[in-house]
Amino acid sequence: MITSTRRVSPDKPEVRIAFSLDESTELKDAEGLLTSVPDLEQQLQPVLPCQSLTESVQVYKDHCKMAKEFHEVKNEIALLEDRKKELIAELVEYEKASMEIARLEEEFRVLTEENRTLVTVHSQRSQQLETLRVLSQKRPGSS
């Protein structure tokens, strides 16, 4: 590990910089997190950390974790939107069926009323026919 301490200007405090040319195992572990979200938009991709700063590696790990969670939520939203479309299609079919049932009920009501009328007319005509038969049998000269 190489460290360096510098003062940028006389009125500023010293800045200490430390870095290593060896990859730490923390960084390798953190890089493994990113490979699970390859389709993440470019502007949301985590930037590789400064290897020597544990805070940078931790921020990178957190960013990778959040990116993965974002990806999972995005997928869940897509699944829920698909389910919503399915439910809307089912609702449309249900409404069509309800309208067809209402139409058939109305048709049944009209036909039932027409049937009652026809039965009444048939009954009246049968009575008239019977009355005419009785009258024709009572007339002299009828067969």
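Because the structure is a prediction, the values reported are computed rather than measured.

Draft legend 1. View of the overall build of the protein chain. Within the protein chain, the regular secondary structure consists of two helices and two strands. Moving toward the C terminus, one meets the helices and strands of the protein chain in the order β-β-α-α. A total of 143 residues make up the protein chain; the buried ones form 11% of that total. Within the protein chain, residue pairs in contact and separated by at least 24 positions form 39% of the contacts whose partners lie at least 6 positions apart. Accessible surface, the protein chain as shown: approximately 12,300 Å² in total, 58% of it carbon and sulfur.

Draft legend 2. Examining the confidence of the model for the protein chain more closely. For the protein chain, per-residue confidence averages 82 on the pLDDT scale, and 71% of positions sit at 70 or higher. Ranking the elements of the protein chain by mean pLDDT puts helix α1 (residues 25–34) last with 52 and helix α2 (residues 54–138) first with 95.

Draft legend 3. Broad picture of the pattern of salt bridges. In the structure shown here, the tally under the stated rule is nine salt bridges. We note a salt bridge from Arg103 to Glu100, for which the minimum N-O separation is 2.6 Å. Within this pair, Arg103 and its partner Glu100 are both found in helix α2, separated by three residues, close to a single helical turn. For Arg103, a relative accessible area of 42% translates into the label partly exposed. Connected through shared salt-bridge partners, Arg83, Glu86 and Glu90 make up one network.

About the thresholds
Numbering of residues starts from 1 in every chain and runs along the sequence as written. Local features in this predicted model are restricted to residues of pLDDT 70 or higher, and side-chain atom pairs are both shown and tallied only at a pLDDT of 80 or more, whereas totals for entire chains, interfaces and linings draw on every residue. Only hydrogens and water are set aside; all other atoms, that is, all heavy atoms of the structure, feed into the side-chain values. The helix count covers DSSP runs of H or I at least four residues long, the strand count covers runs of E at least two residues long, and both are numbered beginning at the N terminus. Remark: exposure states derive from per-residue accessible area (1.4 Å probe, protein chains only) relative to the maximum for the residue type, with buried under 20%, exposed over 50%, and partly exposed in between. Residue contacts are defined here by distance: any two heavy atoms, one from each residue, within 4.5 Å place the two residues in contact. Here the accessible surface of atoms and residues is derived via Shrake-Rupley with a 1.4 Å probe, and residues count as covered only by protein chains that are part of the display. Scored from 0 to 100, pLDDT records how confident the predictor is in each individual residue. Any Lys or Arg side-chain nitrogen located within 4 Å of an Asp or Glu carboxyl oxygen qualifies as a salt bridge.

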